[in-house]
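Observations on chain architecture
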Amino acid sequence: MTDDMDKMGGRTLPSTKRSVPIALIRARDKVMGPIREMLSDSGITEQQWRILRVLEEYGPQDASSLAERACLLLPSQTRIVQTLLEKGLVTRQADEKDRRKQTVAITEAGRKIILDKLDEAQAIAARIEDVIGKKRLSELLDILDDFQKL
């Protein structure tokens, strides 16, 4: 460790075991593994799943809102929506007042995927709550919301 400290002029970084960015990546991998497994036979990706979930929860919306809520960059969201359109899982309509804006909505086929995976998704959520505990999970979600202020 002293060699590393000397290379950094005596300054140190948090241990990788206590590094926020690395801890978040580790946690994401643990959480997303079961979700990827759940989706493996559905023909959709985790990003497509997020878009369908957001559309189901919030209803039809413009591309910018959808990208933000699904935690996707707008260009990625545009490509993903195009794939979902081709699969018949969403629709896209031009805004009547501003033809440059488009509204994306989930179709019944998209809702069916969510419904088909509902039990598995609930089981994954319950497992997370069982491991962390209801109170600590709520606190964690509040802390993660605070990261939006950075």
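Further up the page is the structure itself.
The structure reproduced in this document is the subject of the present report. (Residues numbered from 1 in each chain as written. Predicted model: local features only at pLDDT ≥ 70, side-chain atom pairs only at ≥ 80, totals over all residues. Heavy atoms only, no water.)

The subject of this paragraph is the overall build of the protein. Scanning the protein from terminus to terminus reveals seven helices and three strands. Ordered by position from the N terminus, the helices and strands of the protein form the series α-α-α-β-α-α-β-β-α-α. The principal-axis extents of the C-alpha atoms in the protein amount to approximately 65 × 35 × 30 Å. When each of the 150 residues of the protein is scored for burial, the buried share is 23%. Within the protein, contacts between residues separated by at least 24 positions form 41% of all contacts whose residues are at least 6 apart in sequence. A gap of 3 Å separates the mean positions of the 26 positive and 25 negative side-chain charges of the protein. (Helix = DSSP H or I, 4+ residues; strand = E, 2+ residues; numbered from the N terminus. Buried < 20%, exposed > 50% of the residue type's maximum accessible area, 1.4 Å probe, protein only. Contact = heavy atoms within 4.5 Å. Lys, Arg positive; Asp, Glu negative; His and termini not counted. Charge placed at Lys NZ, Arg CZ, Asp CG, Glu CD.)

Here the focus is the sheet that holds strand β2 (residues 90-94). Taken in spatial order, the three strands of this open sheet run β1-β3-β2, and their pairing is antiparallel. The outermost strands of the open sheet, each flanked by one partner alone, are β1 (61-62) and β2. As paired strands, β2 and strand β3 (residues 102-106) are joined by five bridges and run antiparallel to one another. Bridging from a neighbouring strand, V90 pairs with I106 of β3. (Pairing = 2+ DSSP bridges.)

For the rest of this paragraph, the subject is the packing of aromatic side chains. Taken as a whole, this structure holds zero aromatic pairs when the rule is applied. Lying over the aromatic face of Y58, R69 brings its terminal NZ or CZ to 4.1 Å of the ring centre. (Phe/Tyr/Trp six-rings, centres within 6.5 Å; stacked < 30°, edge-to-face > 60°. Lys NZ or Arg CZ within 6 Å of the ring centre and 35° of its normal.)

This part covers the nonpolar core. Membership of the largest hydrophobic core comes to 23 residues, with the highest contact counts inside it found for W49, I51 and L52. Broken down by secondary-structure element, the contributors of at least two residues to this core are α2 (20-39), α3 (46-58), α5 (74-86), β3 and α6 (108-132). A total of five residues in this core trace back to one element, the largest contributor, which is α3. When near neighbours in sequence (up to four residues on either side) are disregarded, I51 contacts L66, A70, L72, Q77, I80, V81 and L84. (Core = buried A, V, L, I, M, F, W, Y, C linked by side-chain atoms within 4.5 Å.)

Before going further, it helps to spend a moment on the side chain of Q61. When you line up the elements, Q61 lands in strand β1. In terms of polar contacts, Q61 uses its side chain to reach the side chain of R69, at 3.0 Å. In contact with Q61, other than residues within four places in its own chain, are V54, L55, L66, R69, Q102, T103 and V104. (Polar contact = N/O pair within 3.5 Å; in protein donor to acceptor, adjacent residues only side chain to side chain.)

This brings us to unusual backbone geometry. Positive phi values are uncommon outside glycine, yet C71 reaches one of about 55°. On the basis of relative accessible area, C71 is assigned to the exposed category, the value being 62%.

Next up on the list: the packing of α3 against α5. Closest axis-to-axis distance for the α3/α5 pair is 10 Å, and the angle between their directions is 80°. Comparing the axis directions of α3 and α5 gives the class roughly perpendicular. Contacts from Q47, Q48, I51 and L52 in α3 reach Q77, I80, V81, T83 and L84 in α5. The residue makeup of the contact of α3 with α5, split by class, is five nonpolar, four polar and no charged. (Axes fitted to C-alpha atoms, helices over the stretch in contact; angles between N-to-C directions. Parallel < 35°, antiparallel > 145°, perpendicular 65-115°, else oblique. Nonpolar A, V, L, I, M, F, W, Y, C, P; charged D, E, K, R; others polar.)

Let us now look at the pattern of salt bridges. Scanning all chains against the criterion turns up ten salt bridges. Residue E108 is joined to R111 by a salt bridge in which the shortest nitrogen-to-oxygen separation is 3.0 Å. Here the residue E108 and the residue R111 both occupy positions in helix α6, the gap between them amounting to three residues, near one helical turn. Residue E108 is classed as exposed on the basis of its relative accessible area of 59%. (Salt bridge = Lys/Arg side-chain N within 4 Å of Asp/Glu carboxyl O.)

Note that all results are geometric; they support no functional claim without further evidence.
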